[in-house]
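Each chain, written out:
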Amino acid sequence: SGDQTIVAAVTGSQIRVYRAVILNGAATAMTVTVKDAASGSTIALLPLPTSIGGGLVLGTGSTSEAPVFRTVTSGALVFSLSASTQVSGFVQYEVV
C-alpha cells in the first residue's frame, strides 16, 4: 500500500503513458490512484476487480493516439495502492 513511483521524474520533461496493464494479485478490493508527484494532483482512480488476476488494460500503446496518462513537466508518475496486496503489470511510456 502507499505511493509507488512507477516512472521517475525527468527534469524539464513530461511522462506520457500510452498503455497500462494493472493486475490484482489477491482477491481483495483494490483501488490504484494514479498521481503526478510534481503537482500532487490525482490523474485517475482505478478500481481493480476483486478476483485474483483481474485487472485493467488501458490504451493501445500507440504513440499516434492520445496518452492514457500524462504528468506535468518534471513530474514523476506515481501509483498509490489502497491495500498492501500484490499488484503487477507494466506501463508503456515515453519521456518528452
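Okay, so let's go over this structure.

Calculation rules
Residues numbered from 1 in each chain as written. Predicted model: local features only at pLDDT ≥ 70, side-chain atom pairs only at ≥ 80, totals over all residues. Heavy atoms only, no water. Core = buried A, V, L, I, M, F, W, Y, C linked by side-chain atoms within 4.5 Å. Buried < 20%, exposed > 50% of the residue type's maximum accessible area, 1.4 Å probe, protein only. Helix = DSSP H or I, 4+ residues; strand = E, 2+ residues; numbered from the N terminus. Contact = heavy atoms within 4.5 Å. Pairing = 2+ DSSP bridges.

**Examining the nonpolar core**
Nonpolar side chains in soluble globular proteins tend to end up buried together.
Item 1. One finds Val17, Val32, Val34, Leu46, Phe69 and Phe79 to be the most contacted residues of the largest nonpolar core, which totals 17 residues.
Item 2. For this core, the secondary structure elements donating two or more residues are strand S2 (15-24), strand S3 (30-36), strand S4 (42-48) and strand S7 (77-81).
Item 3. Looking at which element gives the most residues to this core, the answer is S2, with four residues.
Item 4. Apart from the residues within four sequence positions on either side, Val17 is in contact with Pro67, Val68, Phe69, Leu77, Val91, Gln92 and Tyr93.

**Digging into the pairing of S2**
Item 1. Across the 10 residues of S2, seven count as buried, placing the element largely inside the fold.
Item 2. Strand direction decides the pairing type here: S2 and strand S8 (residues 87-95), joined by nine bridges, are antiparallel. What sits directly across from Ile15, in S8, is Val95.
Item 3. Where S2 lies against strand S6 (residues 69-70), two bridges are found, and the strand directions are antiparallel. Across the sheet, the residue bridging to Arg16 is Arg70, located in S6.
Item 4. Pairing of S2 with strand S5 (residues 55-58) involves four bridges; the strand directions are antiparallel. When the bridges of S5 are listed, Ile22 appears paired with Leu56.

**Concerning the side chain of Ser13**
Item 1. Locating Ser13 in the fold gives a position in the loop between strand S1 (2-7) and S2.
Item 2. By relative accessible area, which is 15% here, Ser13 ends up buried.
Item 3. With residues up to four places along the chain from it excluded, the contact list for Ser13 reads Val72, Thr73, Ser74, Gly75, Val95 and Val96.

Keep in mind that these numbers describe shape and distance, not what the molecule does.
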